[in-house]
Amino acid sequence: MLQIKTDVVIVGAGLAGIYTALNIDSHKRVDIVVKESLIVTNSNLAQGGIAGELDFIQENIDAHIEDTLKAGSYLNNKEAVKILVTEASENINKLMKFQVAFDRDESGDILLTKEGGHSTRRILHSGGDATGKDIMEALKNECYTRENIHIHEDMMALDLLYQENTCFGVCCLAKGTEVIEFIAQSTILATGGIGNIYGSTTNSAIATSDGIGMAYRANIELENLEFIQFHPTAFHNEYSKSRFKFLISEALRGEGAYLINSEGERFMKKYTPLLELAPRDKVSQAIYREMYDTWTDHVYLDTKHLGEEFLKNRFPTIYKHLKEENIIMGKDLIPVSPVQHFNVGGIKVNLDGLTSMKNLYANGECASNGVHGANRLASNSLLECVVFGNRIANKINEKISKNINYDSNITEYHSYKYNYKPIKKKLGLTMDEYVGIVRTKEGLLFAKKIIVKMEKNLLKYPNNSKAYYEALNMVQTALIIINSASLRKESIGCHYRLN
Ligand SMILES: Cc1cc2nc3c(=O)[nH]c(=O)nc-3n(C[C@H](O)[C@H](O)[C@H](O)COP(=O)(O)OP(=O)(O)OC[C@H]3O[C@@H](n4cnc5c(N)ncnc54)[C@H](O)[C@@H]3O)c2cc1C
C-alpha cells in the first residue's frame, strides 16, 4: 500500500479547502484529495454571492453582526460572528488579488445586492448569478501556479488515521481501487454538505456528509446537527425524478420578486412584516403551511413586474436554465418549493478551526464554529469558508515541519461492486417525510427505527468502495441528525417541532 508523507492534507477542494490551501506557506507541502473532479462542489453552484462589509464603518459592521445573530435566533457563538464580519474585508480583498472579478457598475464601483435577513445591500456577486463558479475558477487557476500544492482528483477519503486522539492523516481510495495513506502533520476536513441524505436537495452529488461520517467514527465532537436549512425556492419540476433541484437564488427576491400561492395570493404578509425577505427558515415554514392549506406541492415566484431584459442580464444562469424548461423570467410564473439546502451544524471547531482531535481541523459546510446559530444568514457561508480558512492556515503556518512515522493497520481489503442505491433512495424518502421542515416526536422515532436497521446491515458487510463509504456516512449522519432533533424539543431557527 502506498503512503505519501506531507505537511498538510486537505480533504475537499471546494472554497473551504482550496482557499485554506492557498493561504498556507509555500515551503509547506499541501496535498488536496478530491472525491470527483475539481468542479463538482457546492461552492461551484453558489449563485447569490458573498456577504461582507468592505469598509470598516462601525454602524455597518454592527448591522451585519446583528443580522447574522437574528437569523440564527441568537444561538450563535458571538465571538465567531464578530470574527466572521470583521475579517470579511481582508479575505474578500484577497479573493480579488486571486483575480476574482466581482460585478461592478459603469464607474467601477462594486455592485451590491440584498438577500433575506440582510438589513442593507452588502452582498458581492460575480457573473450576475455565477458567483461560486467564478470564484472557484479563479482560485483553481491560482492553485495551478503553486508548486507546493498537489491536487489528487478521483481520490475518496475513507477514514481518518489516528491514535489516542491525535490525527496522523487520512486513508483514501484512488480511482476506486488503490488504497493510499496520506501521513500528515495537519489534516483538514473540508468535505462540504450533507444534501444527498434527503430525497430533494440543491446540493451537488458529492454532498454525502463524508467528513462528518469520518469524524463520528473517530469519536470527534459534533454539534447542532438538528439545524438543517431548507431553501424556500428550488425550481419545482413535477416531471423530474432527480434528487438534485435547481436553485432559484434568494437574490431574485432581493431584487423584488415575490411569492404567491396557487390562488394567486401574495401570502408572506400573513406571516411576517419582512415579507419575502425574512430569513430562510421563516419563508420555508410559511411556504410549507401554504402548500398544506392549499393542497398543492409548490407555490410560485412572480417576477412579471421586474421585466425580462433586466432579469436576463442580472440572472443569466437562472434565465438560461428556466428557458430550457420553457419558462421565461419576467413573463411566466416560476413554480418553486422548499428543499434541503445547507447543513448549519457539523464537526465542532474552535475559532481557529481546530476540532476536538489534535492536529485535525475542519472548515466550510462540514464544520461548526457557531457562526450560524440555529439558521444561516444568506451568503454568509462562502464568507465563512474564507475567513476561517485563513485562520486555519495562519495556525498551520506557525507549526514547524517535522517527520511523522505512522504504522498502517490496514490488513484486509474487500471491495464489492454494490451500488447501495436502494439504501440511498429509502434514506432520502424517510428523511424528507419525517425529518424535514416540520418534525414530530413520532416521526423522528419512526425514521430512527428504519435507519438504525440500515446502519446495522452496512456495518455487518463492510466494503472498501466509494459507494459503501458514502452510504455509511449518509446513514450515520442521518441518525445523528435524528438524535439531535429528538433531543431539542423546542422550535427554534430551522428546527421546527410540532410536538
Ligand atoms: C445551489 C447552491 C447555492 C448556494 N449559494 C450560495 C451563495 O450564494 N452564497 C453563499 O454564501 N453560500 C451559498 N451556498 C452554500 C455554499 O455554496 C456552501 O456552503 C459552500 O460552498 C461549501 O463549501 P465547502 O468547501 O465546505 O464544500 P464544497 O464546495 O461542497 O466542497 C466539498 C469538497 O469536498 C470533496 N469531498 C467530499 N467528500 C470527500 C471525500 N470523502 N474524499 C475526498 N473529497 C471529498 C468534494 O469532492 C469537494 O471538492 C449555496 C449552496 C448551494 C448548493
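Residues numbered from 1 in each chain as written. Predicted model: local features only at pLDDT ≥ 70, side-chain atom pairs only at ≥ 80, totals over all residues.

Some details on the overall build of the protein
- Scanning the protein for helices and strands turns up 14 helices and 19 strands.
- In terms of its C-alpha atoms, the protein occupies a principal-axis envelope of roughly 65 × 55 × 40 Å.
- Considering the protein as a whole, with its 499 residues, one finds that 53% of them fall into the buried category.
- A separation threshold of at least 6 residues defines the contact pool for the protein, and within that pool the share at least 24 residues apart is 74%. (Helix = DSSP H or I, 4+ residues; strand = E, 2+ residues; numbered from the N terminus. Buried ≥ 20, exposed ≤ 12 C-beta atoms within 10 Å, placed from the backbone. Contact = placed C-beta atoms within 7 Å.)

Thoughts on the nonpolar core
- One finds Cys 172 and Ile 347 to be the most contacted residues of the largest nonpolar core, which totals 140 residues.
- If one sorts the elements of this core by residue count, helix H14 (residues 466-487) sits on top with ten residues.
- In this view, Cys 172 contacts Val 33, Met 155, Met 156, Ala 157, Leu 158, Ile 180 and Phe 182; residues no more than four positions away in its chain are not counted. (Core = buried A, V, L, I, M, F, W, Y, C linked by C-beta atoms within 7 Å.)

Side note on the sheet that holds strand E17 (residues 367-368)
- Within the open sheet, the three strands sit side by side as E10-E15-E17. Their pairing is mixed. With one partner strand each, in any of the chains shown, strand E10 (222-223) and E17 form the two edges of the open sheet.
- Two strands pair when backbone bridges link them, and E10 and strand E15 (residues 346-348) are joined in this way by two bridges, in the antiparallel orientation. Across the sheet, the residue bridging to Leu 222 is Ile 347, located in E15. (Pairing = 2+ DSSP bridges.)

Digging into the packing of helix H12 (residues 421-434) against helix H13 (residues 441-460)
- As a packed pair, H12 and H13 sit with axes 9 Å apart at the nearest point and diverge in direction by 170°. The angle between H12 and H13 places the two elements in the roughly antiparallel class. Crossing geometry of H12 relative to H13 is assigned as left-handed. In contact with Ile 423, Leu 427, Thr 430, Met 431 and Tyr 434 of H12, H13 contributes Gly 443, Leu 444, Phe 446, Ala 447, Ile 450, Ile 451 and Met 454. (Axes fitted to C-alpha atoms, helices over the stretch in contact; angles between N-to-C directions. Parallel < 35°, antiparallel > 145°, perpendicular 65-115°, else oblique. Left-handed = near helix turned anticlockwise from the far one by under 90°.)

Topic: the site of the ligand
- Residues in close proximity to the ligand total 43 residues, the closest being Gly 12, Gly 14, Gly 48, Gly 192 and Gly 364.
- Listing elements by their share of the shell around the ligand, those giving two or more residues are helix H1 (15-22), helix H5 (131-144), strand E7 (155-163) and helix H11 (380-397).
- Here the shell around the ligand gets four residues from one element, more than from any other, and that element is H11. (Near = placed C-beta within 6 Å.)

Some thoughts on the environment of Ser 73
- Structurally, the position occupied by Ser 73 is in the loop between helix H2 (58-71) and helix H3 (78-86).
- Here the alpha-carbon distance between Ser 73 and His 372, two residues 299 residues apart in the chain, equals 9.1 Å.
- Residue contacts for Ser 73: discarding those within four places in its chain leaves Gly 373, Ala 374, Asn 375, Ile 492 and Gly 493.

Digging into the pairing of strand E14 (residues 334-343)
- Counting buried positions along E14 yields ten of ten residues, so the element is predominantly enclosed.
- Note: strand E11 (residues 228-235) against E14, six bridges, orientation antiparallel. Looking at E14, one finds that Gln 229 is bridged to Phe 342.
- Pairing analysis gives three bridges linking strand E13 (residues 299-302) to E14, with the strands arranged antiparallel. Looking at the pairing, Tyr 300 lines up with Pro 335 of E14.

Details of the domain arrangement of the protein
- According to the domain assignment, the protein consists of domain 1 (1-227 + 344-417), domain 2 (231-338) and domain 3 (421-497).
- The straight-line distance from the C-alpha centre of domain 1 to that of domain 3 is 24 Å.
- Each partner contributes residues to the interface: domain 1 has 32 residues there, and domain 3 has 27 residues.
- Within the residue set of the side of domain 1 that touches domain 3, elements represented by two or more residues are E7 and helix H6 (210-217).
- Of the residues assigned to the side of domain 1 that touches domain 3, the class counts are 17 nonpolar, 13 polar and two charged. (Domains from an automatic or database assignment. Nonpolar A, V, L, I, M, F, W, Y, C, P; charged D, E, K, R; others polar.)

Considerations on unusual backbone geometry
- Its identity as a non-glycine residue notwithstanding, Asn 326 has a phi of 65°, on the positive side.
- Its location among the elements puts Asn 326 in the loop between helix H10 (316-324) and E14.
- Overall, Asn 326 belongs to the exposed group, with 7 C-beta atoms counted inside 10 Å.
- In this structure, Tyr 420 takes a positive phi of about 60° despite not being glycine.

Topic: the pairing of strand E2 (residues 30-33)
- Burial of E2 is two-sided: the residues Val 30 and Ile 32 facing one way and the residues Asp 31 and Val 33 facing the other way are all buried.
- Two strands pair when backbone bridges link them, and strand E1 (residues 2-11) and E2 are joined in this way by four bridges, in the parallel orientation. Within E2, the residue paired with Ile 10 across the bridge is Ile 32.

Remarks on helix H4 (residues 88-97)
- Those residues of H4 that sit buried are Ala 88, Asn 91, Ile 92 and Leu 95. Take H4 and look down its axis: the buried residues cluster within an arc of 100°, on one side only. Facing away from the buried surface of H4 by more than 90 degrees, the exposed residues are Asn 93 and Lys 97.
- Those residues of H4 that are buried are in contact with strand E3 (50-51), H3, strand E5 (123-124), H5 and H11.
- Of the residues flanking the end of H4, it is Gln 99, one or two places downstream, whose phi is positive at about 75°. (Arc of directions from axis to C-beta.)

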